Every structure is written in C-alpha cells, then in structure tokens.
Amino acid sequence: MTATYASPCGRLVLYHADNLEIVPTLAPASIDAVVSAPPYGTTEEGVAKLNGSTVDGWTEFGHEWDRELPLAWIECHAARAMKDGAAIIVWTDQKQIGLVWQAIKQGGMHPLSIVYWNKTDPAINPRKNFCSAV
C-alpha cells in the first residue's frame, strides 16, 4: 500500500485508505496511532427529505456499506499492529460507543476516554439519525 504522505525523516507516514484493506498489511507493533471513521451502521432504507424536497446528494439511504458497524478489524488487526501505548480513535454514532469500547477491550487495549465533537457549524441534517449541534 502506498502512503498518502511520508515526512522527510520517515518517522511520520499517513495512509488515507480503507482500514479493512490497510491495517491487516501492517507489521505487528509497528504503528503509533489508528484514526478511523468506519461506517456507523445506522443507515436505514428510505429517502431523506427536507421541507418536502429531497436533499441534493442524499436521496437514497439503502447503502449496504453503512448498515453494519464493522468492529472485528479493531480486535483482529489494529490491536496486533499497534505498539504498546499507541492511540486509537474511532469516530462513531453515539449509540455505538459501547460496542466500539468493548471491541477495543477485546483487542487487549485499555480505552481511556470518549471525546465528543461539538460541531458549531454543521451541515443541514440530511436524515433523522444525523444531528446538528446547537
């Protein structure tokens, strides 16, 4: 897999890729951090409407890729590839936090905290399970 960015000294290497494809290819205990925004597993079939009209770009929500929150990669691959003391950040829906927390623990890691992102200027809500910040 080709890195998206590598610092001149080689100590920082970033990959912008599907974690299900890249993390299994990484050497054991070779990474300092995993930052991932997997599918949230919250999509339901239907059409998003705003004020009676379909929102551009958000017309169909029967996406198979977003019907299930993938978690096996954390326990099976991320935990193996991470160095001792490495960080893992996984964005997810607030209803899925417990599942992510448990997957991290099952991978032998010790989750420390939950960070909430308070969006001060969020996009228009294209569907009911997206929430704008106040």
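Predicted, not measured: the structure shown is a model, and the values here were computed from it. Residue positions are given per chain, counted from 1 along the sequence in the order it is written. Since the coordinates come from a predicted model, pLDDT governs what is reported: local features require at least 70, and pairs of side-chain atoms require 80 or more to be given and counted, while whole-chain, interface and lining totals use all residues. The side-chain numbers reported here are obtained from all heavy atoms of the structure, hydrogens and water having been left aside.

1. Points about the side chain of Gln 96
Right, on to step 1. Along the polypeptide, Gln 96 turns up in the loop between strand 6 (82-90) and helix 3 (97-106).
Right, on to step 2. One polar contact links the side chain of Gln 96 to the main-chain carbonyl oxygen of Tyr 40, over a distance of 3.0 Å. Strands are runs of DSSP state E lasting at least 2 residues, helices are runs of H or I lasting at least 4, and numbering of each runs from the N terminus. Polar contacts here mean pairs of N or O atoms no more than 3.5 Å apart (in protein, one a potential hydrogen donor and the other a potential acceptor; neighbouring residues in sequence count only if both atoms are side-chain atoms).

2. Some points on the environment of Val 13
Right, on to step 1. Tracing the chain through its elements places Val 13 in strand 2 (residues 13-14).
Right, on to step 2. For every residue, the accessible area (1.4 Å probe, protein chains only) is compared with the maximum for its type, and the residue is labelled buried under 20%, exposed over 50%, or partly exposed between those bounds. Look at Val 13 and you get partly exposed, because its relative accessible area is 36%.
Right, on to step 3. In this structure the C-alpha to C-alpha distance between Val 13 and Ile 31, which are 18 residues apart in sequence, comes to 9.4 Å.
Right, on to step 4. Apart from residues no more than four positions distant in its own chain, Val 13 is found in contact with Ala 3, Tyr 5 and Ala 6. A contact between two residues is defined here by any heavy atoms of the two lying within 4.5 Å.

3. What to know about helix 2 (residues 72-81)
Right, on to step 1. Of all the positions in helix 2, only Trp 73, Ile 74, Ala 78, Ala 79 and Ala 81 are classed as buried. The arc enclosing the buried residues of helix 2, seen along the axis, measures out at 155°, which places them on a common side.
Right, on to step 2. Residues of helix 2 that are buried make contact with helix 1 (19-22), strand 3 (31-36), strand 6 and helix 3. Our arc is simply the arc of the directions from the helix axis toward the C-beta atoms.

4. Examining helix 3
Right, on to step 1. Of all the positions in helix 3, only Ile 97, Val 100, Ala 103 and Ile 104 are classed as buried. Taken end-on, helix 3 shows its buried residues confined to a sector of 130°, consistent with a single buried face.
Right, on to step 2. Immediately beyond the C-terminal end of helix 3, within one or two residues, lies Gly 108, with a positive phi of roughly 85°.

5. Details of the confidence of the model for the chain
Right, on to step 1. Per-residue pLDDT for the chain averages 78, and the proportion of residues at 70 or more is 73%.
Right, on to step 2. Ranking the helices and strands of the chain by mean pLDDT puts helix 3 first, with 94, and strand 4 (residues 49-50) last, with 42.
Right, on to step 3. As a per-residue quantity, pLDDT reports the predictor's confidence and falls between 0 and 100. Scored below 50 in pLDDT, residues 47-53 makes 13 contacts in the model with residues more than four places away or belonging to other chains.

6. Describing the environment of Ala 87
Right, on to step 1. When you line up the elements, Ala 87 lands in strand 6.
Right, on to step 2. A residue is classified by how much of its surface remains accessible, and Ala 87, at 38% relative accessible area, is partly exposed.
Right, on to step 3. Sequence spacing of Ala 87 and Val 34 is 53 residues, and the spatial spacing of their C-alpha atoms is 6.4 Å.
Right, on to step 4. The residues touching Ala 87, leaving out its near neighbours within four places in the chain, are Asp 32, Ala 33, Val 34 and Met 82.

7. Focus: the side chain of Ser 7
Right, on to step 1. With respect to the helices and strands, Ser 7 occurs in the loop between strand 1 (5-6) and strand 2.
Right, on to step 2. Residue Ser 7 is classed as buried on the basis of its relative accessible area, which comes to 13%.
Right, on to step 3. In terms of polar contacts, Ser 7 uses its side chain to reach the backbone amide nitrogen of Arg 11, at 3.5 Å.

8. A look at the pattern of salt bridges
Right, on to step 1. In the sections that follow, a salt bridge refers to a side-chain nitrogen of Lys or Arg positioned within 4 Å of a carboxyl oxygen of Asp or Glu. As enumerated under the stated definition, the model contains two salt bridges in all.
Right, on to step 2. In this structure, Asp 32 and Lys 83 form a salt bridge, with 3.4 Å as the shortest nitrogen-oxygen distance. Separated by 51 residues along the polypeptide, Asp 32 in strand 3 and Lys 83 in strand 6 bring together distant segments of the chain.
Right, on to step 3. With a relative accessible area of 36%, Lys 83 lands in the partly exposed category.
Right, on to step 4. Between Asp 93 and Lys 95 there is a salt bridge; the shortest N-O distance is 3.4 Å.
Right, on to step 5. Under the relative-accessibility criterion, Asp 93 is labelled buried at 8%.

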